[in-house]
Amino acid sequence: MNDRKKIGLGLTGFGVFFSFLGIILFFDKGLIAMGNILFFSGVALTIGLKSSLQFFSKRSNYKGTISFGAGFFLVIIGWPILGMILEAYGFVVLFSGFWPTLAVFLQKIPILGWIFQQPYIRSFFDHYRGKRVPV
């Protein structure tokens, strides 16, 4: 992992942290906007600018990209609750292909993985295991 990807992962983490902090502090639009900017720039640095543009402009991702962008715009103009609802929907639509990969990763974590290996939770994850996205 090169330094650019390390910085990108750090920015993505800070973006998630600031967005979470903005939600906890009664939807503070400044913190949420800062979190969105950091998250987007972190993703762009982690996977590269060209790959980011290809990912967000893919035909199957239009609905998520438009929802995320409209939510970001609503946060900026002062409607953080509605903006975060739209952003959350866009985030789920954009990154829904990565949930199976995340499930496999969570099952391999030493202590936390035990919880995800329980029969009911494991059957839920096994349902999506065949649809894994290569990362």
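Preceding block: the structure.
Basis of the calculations
- Residues numbered from 1 in each chain as written.
- Predicted model: local features only at pLDDT ≥ 70, side-chain atom pairs only at ≥ 80, totals over all residues.
- Heavy atoms only, no water.
- Helix = DSSP H or I, 4+ residues; strand = E, 2+ residues; numbered from the N terminus.
- Buried < 20%, exposed > 50% of the residue type's maximum accessible area, 1.4 Å probe, protein only.
- Areas by Shrake-Rupley, 256 points an atom, 1.4 Å probe, with all protein chains shown as cover.
- Lys, Arg positive; Asp, Glu negative; His and termini not counted.
- Charge placed at Lys NZ, Arg CZ, Asp CG, Glu CD.
- Expected span 1.5 Å × (residues − 1).
- Arc of directions from axis to C-beta.
- Contact = heavy atoms within 4.5 Å.

1. So, the overall build of the protein chain
Then, in step 1: Summing up its helical and strand segments, the protein chain has eight helices and zero strands in all.
Then, in step 2: Start at the N end of the protein chain and walk to the C end: the helices and strands fall as α-α-α-α-α-α-α-α.
Then, in step 3: Referenced to the eigenvectors of the C-alpha coordinate spread, the extents of the protein chain come out at roughly 45 × 35 × 30 Å.
Then, in step 4: In the protein chain, which comprises 135 residues, the proportion classed as buried is 32%.
Then, in step 5: Total accessible area computed for the protein chain in this model is approximately 9,100 Å², and 75% of it derives from carbon and sulfur atoms.
Then, in step 6: With 13 positive and 4 negative side-chain charges, the protein chain shows a separation of 12 Å between the mean positions of the two kinds.

2. Focus on helix α1 (residues 3-24)
Then, in step 1: The first and last C-alpha atoms of α1 sit 31 Å apart over 22 residues, in line with the 32 Å expected at 1.5 Å per residue.
Then, in step 2: Restricting attention to buried positions, one finds in α1 the residues G8, T12, G15, S19 and G22. In an axial view of α1, the angular spread of the buried residues amounts to 95 degrees, which keeps them on one side of the axis. Exposed residues lying more than 90 degrees from the buried face of α1 are D3, I7 and F20.
Then, in step 3: The secondary structure elements touched by the buried residues of α1 are α2 (29-47).
Then, in step 4: Among the residues trailing α1, F26 stands out with phi positive, at a value near 60 degrees.

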